[in-house]
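Observations on chain architecture
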Amino acid sequence: MERRPRIRDQKCVAFTCVWISGINSAVAVALSPALPGMATELDAGKNGQLLAQMIQTLPAIGMMLGAAFAGYFSERLGRRAVLLLAVALFTLSGAVCFIAPDLTTLVISRAVQGVVAGVMLTTSYAIVAEYFSGPAQLRMLGFCGGAGAFSSILILFAAGPMVDLFGWRSVFLLFLLAAVAMPFAFAGMHPGLPQTGARAQLSWRPILALWPVWLLQILFTIAMFMSVIQVPFLASAKGIASGSMISVLVATTSVSATFVAIFHGAIRRFLDVQGMFVLMSLAFGAGLLVCGIAGSLPLFLFGAVMLGVGAGSVEPTIMSRAFARTPELLHDRVAGAAIATLYAGQFLNPIVVHPVTAIGGIEYAARMIGLVYLAAALLFLARGFTYARRRVPA
């Protein structure tokens, strides 16, 4: 039988999960200031921009695969062993990307990086659900989301000057910081193996029943990743070419997301899940519309802040909803499904945005996609009013 987590364990586990959430943001964010330089070096004719974006989002496929299988391995090897192995491979993949001699090596390394990143994040969220419950769990989910957003700020401010001084490959050195979590994970966590008889109760049916939640997450994360994938090119279209300034713009979204995620527990005292859907749709829609029409840097920054309000709300809202509707025994699989759909949105972002950009440019795409999310906010609001009226007795 597993021993119950102790207070000392909770502190070590809290640090481990927050650190893992933070360093995972490097997978997508660290490359944002490097995209223009990468596109130039990889130069595939007129498709250099798309190629660079696909290399940035390629790990999303691996993250979906890693997230899907993380629960399977955790159920058999234990969460601690799986997490430690994933962190070690994540660190190694960063080193390989840094020294990659050709495009093929870079692509393979990024794919592997995505797989182990998906395993890390999935396992860490399942650990949060194991060690924390109730309001403490909501706070921890918010802290993990906030850590991801806050580390994005630090990573961006480090990555911008690194690109300017040492070239775009240097950003992969930031991935080596993942190793910091290893001693804390080893010291604070118990193996996490389920009882033998409990495995017969494992099923995907309750997780598949949450398909509307997973679909909504994909749609929200397409907008969530607009900041790190599309804002660099949107900035370039407005005459902003400096890697450091692009870092500032993307980091502005991260600052906003950090505060929103950290205070997620407090926000949920006033907004239910339906209210959070309205808030996220409104924030993404307004943010994209403002960024698309912005003719000045202050207005662009305001749009970036609005994007952060939505970005900081997605993960804790979806994760807490899914955990609340499933038993603890299935939380490895629930976290895997949540992470897989999260990064499905990242992978789909350039695929969705590129055709709209081809019609009228990146500024046009930001405006049109923003209007779609504003329309979604109205639909969620109308649905909320309809549900409230049905609950009022005649």
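Every value quoted in this text rests on a predicted model; they were computed, and no experiment measured them.

Comments concerning the layout of surface pockets
In this structure, the largest pocket spans a volume of roughly 920 Å³. Together, 33 residues line the largest pocket, and Leu 216, Gln 274, Phe 277, Phe 380 and Arg 383 are the ones closest to its centre. Of all elements in the fold, only helix 11 (211-224), helix 16 (273-293) and helix 19 (362-391) reach the threshold of two or more residues within the lining of the largest pocket. Each residue belonging to the lining of the largest pocket can be placed in one class, and the counts come to 23 nonpolar, 5 polar and 5 charged.

As for the packing of helix 7 (residues 103-131) against helix 8 (residues 134-166)
Closest axis-to-axis distance for the helix 7/helix 8 pair is 9 Å, and the angle between their directions is 155 degrees. Compared by their axis directions, helix 7 and helix 8 come out roughly antiparallel. For the pair helix 7 and helix 8, the sense of crossing is right-handed. Within the contact between the two elements, helix 7 uses Tyr 125, Val 128 and Ala 129 and helix 8 uses Gln 137, Met 140, Leu 141, Cys 144 and Gly 145. Residues belonging to the contact of helix 7 with helix 8 are distributed by class as follows: 6 nonpolar, 2 polar and no charged.

Some words on the state of the cysteines
Evaluated as defined, the whole model comprises 0 disulfides. Left without a disulfide partner, Cys 17 is nearest to the cysteine sulfur of Cys 144, which lies 5.5 Å away.

Considering the side chain of Thr 252
Positionally, Thr 252 belongs in helix 14 (residues 243-262). Overall, the relative accessible area of 16% leaves Thr 252 in the buried class. When neighbours within four sequence positions are excluded, Thr 252 is seen to be in contact with Leu 301, Ala 304 and Val 305.

Here's the deal with the nonpolar core
The biggest cluster of nonpolar side chains holds 116 residues, and the ones touching the most others in it are Phe 90, Tyr 125, Trp 214 and Phe 284. For this core, the leading source of residues is helix 7, giving 11 residues. With sequence-adjacent residues up to four places away left out, Phe 90 is seen in contact with Ile 23, Val 27, Gln 113, Val 116, Ala 117, Met 120, Phe 175 and Ala 178.

Description of empty space enclosed by the protein
Applying the stated criterion across every chain, the model contains 2 cavities of 30 Å³ or more. Within this model, the largest cavity holds a volume of roughly 390 Å³. Lining the largest cavity are 27 residues; nearest its centre among them are Ser 25, Gly 148, Ser 152, Met 224 and Glu 315. Along the lines of polarity and charge, the residues of the lining of the largest cavity split into 16 nonpolar, 10 polar and 1 charged. Its boundaries defined by the atoms lining it, the second largest cavity holds a volume of some 30 Å³. Lining the second largest cavity, in full, are Met 226, Gln 230, Val 231, Leu 234, Leu 288, Cys 291, Leu 307 and Ala 366. Elements with a minimum of two residues in the lining of the second largest cavity: helix 13 (231-237) and helix 16. A per-class count over the lining of the second largest cavity returns 7 nonpolar, 1 polar and no charged.

Concerning the environment of Pro 36
Mapped onto the elements, Pro 36 comes out in helix 3 (residues 35-42). As for Pro 36 and Ile 218, which are separated by 182 residues in sequence, their C-alpha atoms are 26 Å apart.

Things to note about the packing of aromatic side chains
A full pass over the atoms with the stated rule returns 9 aromatic pairs. Look at Phe 220 and Phe 284: their rings are 6.4 Å apart centre to centre, the planes differ by 35 degrees, and that puts the pair in the tilted class. Of this pair, Phe 220 sits in helix 11 while Phe 284 sits in helix 16; the two residues are 64 residues apart in sequence, bridging distant segments of the chain. For the pair formed by Phe 220 and Phe 284, the shared burial category is buried. Grouping aromatic residues by their ring pairs yields a cluster made of Phe 220, Phe 277, Phe 284, Tyr 373 and Phe 380. One residue, Arg 80, lies across the ring of Phe 186, its end atom 5.1 Å from the ring centre.

Conventions adopted
- Residues numbered from 1 in each chain as written.
- Predicted model: local features only at pLDDT ≥ 70, side-chain atom pairs only at ≥ 80, totals over all residues.
- Heavy atoms only, no water.
- 1 Å grid on protein atoms, 1.4 Å probe; cavity = no way out; pocket = protein on both sides within 12 Å on 5 of 7 lines; lining within 4 Å.
- Points joined across faces, edges and corners; volume = space filled by probe spheres on them.
- Helix = DSSP H or I, 4+ residues; strand = E, 2+ residues; numbered from the N terminus.
- Nonpolar A, V, L, I, M, F, W, Y, C, P; charged D, E, K, R; others polar.
- Axes fitted to C-alpha atoms, helices over the stretch in contact; angles between N-to-C directions.
- Parallel < 35°, antiparallel > 145°, perpendicular 65-115°, else oblique.
- Left-handed = near helix turned anticlockwise from the far one by under 90°.
- Contact = heavy atoms within 4.5 Å.
- Disulfide = S-S within 2.5 Å.
- Buried < 20%, exposed > 50% of the residue type's maximum accessible area, 1.4 Å probe, protein only.
- Core = buried A, V, L, I, M, F, W, Y, C linked by side-chain atoms within 4.5 Å.
- Phe/Tyr/Trp six-rings, centres within 6.5 Å; stacked < 30°, edge-to-face > 60°.
- Lys NZ or Arg CZ within 6 Å of the ring centre and 35° of its normal.

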